[in-house]
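Observations on the model geometry
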Amino acid sequence: MTTVEFLPTITAGGKEIPSTSPPQGLVLREGLGILAHESVDGTLVHQAEGSLFECRATKTPRGDYLVMFPTDTEGRDPALVGNAHYGRKGEKVNDLVAYRSPDGGATWSGPVVAFDIDYNQHGFIPLIPRGSTRIYAFGTQPIWGMFSMERGLHENAPIGYRYSDDDGHSWSEVRLIRPVNDPGYLGMSVMRMCETDAGTWLLGTHEGDWSYRPLMTRAYVLRSEDQGKSWKLLPGPRHGGFYVPGFNRLDEPRPINLGNGHVLLMIRTAEGHLWQSWSEDDGRNWSEPEPSSLVHPDAPPMVFHLSDGETLIGFHHNRHHDLDYSGLRSTKPESMKDRSEIWFSLSTNGGRIWSGPRFVFANALTETLDSPFRNHQCSYMDVFTDDGVLNLFVPHRWQRVLHLRVQESDLASMPSAEDLRSGH
């Protein structure tokens, strides 16, 4: 059995906290490997032999919790274990696997391979349209022969979806998205999507070119008014997507419905904050992206609704140290440590104003893995609410899936950075 070792001190809000004696209100959750507010607890759902990537979850129409994520293909060459990302190898290295819970996350069964296919997967983007019992699984589709592993384009692939009419036990063949204004579009998509009040589907995507130094990316929204039959790429065909001047990037956009034709788009940047754009016409047109107040490194947006359907909760890392940014460097400890803390802020006006951040949890495990990219990872979290409870799914250290639970009523008791520094 592997011995679990904890950091002697854990950084939260600039405060060094002894793991053996955290202040009142915080607790070391040894089985989860995190330092957390006392209201946060949960379950280790899965630990990979090598690696896993983005986990996404939903409550199914029949009431089960379903979480899916890509992880190392069972039985493959041991030399390849731990390198399960679709864009890194020109061979089969991962499977999208599923866990299911019939009792609100108290117990889990799995893993089972969700899609028995001969190519790799990126992640599972769930969508259950209003009034439907069908579950859609959107995401990047790196089908052999349809994308290139060369010239820095290895992450750009077709985007597509499958659907399930039996609560996620079996799935259709893939349908590829061919936008009417750019039928050959290749990109990537792994962030949450949304359905508007009018029934329009909005899916974030971006394209990247790693041959540029630093990396160049452009962000887009895929929009469908007919439940996936046809799509349009916005704000226009490649390579006319959104980007931040000076950084030449915007990545991993996440649209979230605000109601009455209004939509918020939160986007990853390298600038030190999450950036935002708004649409007031059901996702047809978008405002020029601008920085939010949420401090965040080069990492994805994690924004969701609370159970009232109106209040937004934005989870963010609340730290950004690489002010001389020159590209995503997964071997650079200072950059990757910025993904080790999870904070939240709230907005009651569609993201125009965000509350001050409050601390939720931080990684507590020592640097035993092969790179800073893995040792500090608490990013790419997914969330859904159920009966007043926030269910958080974390691809912890790109090796472990954590299911964390916290009552919405406990959010107000979580500490600010000033509380942590003062010991209150």
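Residues numbered from 1 in each chain as written. Predicted model: local features only at pLDDT ≥ 70, side-chain atom pairs only at ≥ 80, totals over all residues. Heavy atoms only, no water.

**Considering the overall build of the chain**
- Counting its secondary structure elements, the chain contains 3 helices and 28 strands.
- Since a compact globule built from 424 residues should have a radius of gyration of about 22 Å, the 20 Å found for the chain is in line with a globular shape.
- By principal-axis analysis of the C-alpha atoms, the chain measures approximately 60 × 50 × 50 Å.
- Each of the 424 residues in the chain was classed as buried or not, and the buried ones make up 61%.
- Within the chain, counting contacts between residues at least 6 apart in sequence, those at least 24 apart form 57% of the total.
- Accessible area for the chain stands at about 16700 Å²; split by element, carbon and sulfur atoms hold 47% of it. (Helix = DSSP H or I, 4+ residues; strand = E, 2+ residues; numbered from the N terminus. Rg over C-alpha atoms; globule rule 2.2 N^0.38 Å. Buried < 20%, exposed > 50% of the residue type's maximum accessible area, 1.4 Å probe, protein only. Contact = heavy atoms within 4.5 Å. Areas by Shrake-Rupley, 256 points an atom, 1.4 Å probe, with all protein chains shown as cover.)

**Observations concerning the nonpolar core**
- Ranked by internal contacts, the top residues of the largest apolar core, which has 24 residues, are Phe315, Val360, Phe361, Met381, Leu392 and Leu404.
- Listed by contribution, the elements that provide at least two residues to this core are strand S4 (34–37), strand S22 (302–305), strand S23 (312–316), strand S24 (341–347), strand S25 (358–363), strand S27 (389–396) and strand S28 (400–407).
- Counting 15 residues, the second-largest nonpolar core is a separate cluster that includes Leu127, Ile177, Leu203 and Tyr220. (Core = buried A, V, L, I, M, F, W, Y, C linked by side-chain atoms within 4.5 Å.)

**What to know about the layout of surface pockets**
- Volume-wise, the largest pocket comes out at about 810 Å³.
- Every residue lining the largest pocket is counted, 22 residues in all, and those nearest its centre are Ile128, Arg192, Met193, Arg254 and His305.
- Only strand S6 (56–59), strand S10 (125–127), strand S14 (194–195), strand S18 (251–259), S22 and strand S26 (382–386) provide two or more residues apiece to the lining of the largest pocket.
- Split into classes, the residues belonging to the lining of the largest pocket amount to 11 nonpolar, 6 polar and 5 charged. (1 Å grid on protein atoms, 1.4 Å probe; cavity = no way out; pocket = protein on both sides within 12 Å on 5 of 7 lines; lining within 4 Å. Points joined across faces, edges and corners; volume = space filled by probe spheres on them. Nonpolar A, V, L, I, M, F, W, Y, C, P; charged D, E, K, R; others polar.)

**A short note on the pairing of strand S19 (residues 262–268)**
- With respect to burial, S19 is a largely interior element, 6 of its 7 residues being buried.
- The sheet contact formed by S18 and S19 spans 6 bridges and is antiparallel. When the sheet's bridge partners are listed, isoleucine 256 is paired in S19 with leucine 264.
- Hairpin connection between S18 and S19: a loop of 2 residues separates the two successive antiparallel strands, and asparagine 260 in this loop has a positive phi of roughly 55°.
- Relative to strand S20 (residues 273–279), S19 runs antiparallel, the two being bridged by 5 bridges. Bridge pairing in S20 places isoleucine 267 opposite tryptophan 275.
- Between the antiparallel neighbours S19 and S20 lie 4 residues, among them glycine 272 with a positive phi of about 115°. (Pairing = 2+ DSSP bridges.)

**Quick look at the pattern of salt bridges**
- Tallied over the full model, the rule gives 20 salt bridges.
- Notably, a salt bridge pairs aspartate 182 with arginine 238, separated by 2.8 Å at the nearest N-O pair. Here arginine 238 lies in the loop between strand S17 (232–234) and S18 and aspartate 182 lies in the loop between strand S13 (175–176) and S14, a separation of 56 residues in the sequence.
- Relative accessible area serves as the criterion here: at 31%, arginine 238 is assigned to the partly exposed category.
- For aspartate 282, the salt bridge is made with arginine 223, and the minimal N-O distance between the two is 3.2 Å. (Salt bridge = Lys/Arg side-chain N within 4 Å of Asp/Glu carboxyl O.)

**Concerning the side chain of serine 101**
- Residue position: serine 101 is located in strand S8 (residues 94–101).
- A polar contact of 2.7 Å, which involves the side chain of serine 101, links it to the backbone oxygen of threonine 107.
- Excluding residues that lie within four positions of it along the chain, serine 101 makes contacts with Asp64, Tyr65, Ala106, Thr107 and Trp108. (Polar contact = N/O pair within 3.5 Å; in protein donor to acceptor, adjacent residues only side chain to side chain.)

**Things to note about the packing of aromatic side chains**
- Counted under the stated rule, the structure contains 21 aromatic pairs.
- Judged by centre distance (5.9 Å) and plane angle (75°), the ring pair of phenylalanine 138 and tryptophan 231 falls under edge-to-face. A residue pair is termed long-range when its members are at least 10 positions apart, and phenylalanine 138 in strand S11 (residues 135–140) and tryptophan 231 in the loop between strand S16 (216–224) and S17 qualify at 93 residues.
- We classify tryptophan 231 as buried; its relative accessible area is 3%.
- Connected via pairs of aromatic rings, a cluster forms that spans Tyr136, Phe138, Tyr161, Tyr163, Trp201 and Trp231.
- Lying across the ring of tyrosine 243, arginine 218 places its NZ or CZ 3.9 Å from the centre. (Phe/Tyr/Trp six-rings, centres within 6.5 Å; stacked < 30°, edge-to-face > 60°. Lys NZ or Arg CZ within 6 Å of the ring centre and 35° of its normal.)

**Observations concerning the pairing of S4**
- Relative to S4, strand S3 (residues 26–29) runs antiparallel, the two sharing 4 bridges. What sits directly across from leucine 28, in S4, is leucine 35.
- Hairpin connection of S3 to S4: 4 residues between the antiparallel strands, including glycine 33 at a positive phi of 75°.
- Where S4 and S25 come together, 3 bridges link them in antiparallel fashion. If you follow alanine 36 over to S25, its bridge partner there is phenylalanine 361.

**Some thoughts on the environment of glutamate 341**
- Examined against the element boundaries, glutamate 341 turns out to sit in strand S24.
- As for glutamate 341 and alanine 98, which are separated by 243 residues in sequence, their C-alpha atoms are 26 Å apart.
- Among the polar contacts made by the side chain of glutamate 341, one reaches the main-chain amide nitrogen of glycine 13 at a distance of 3.0 Å.

**Details of the sheet that holds strand S15 (residues 201–209)**
- Strand order in this open sheet of 4 strands is S14-S15-S16-S17, and the pairing throughout is antiparallel. Since the sheet does not close on itself, it has two edges, and those belong to S14 and S17, each with one partner.

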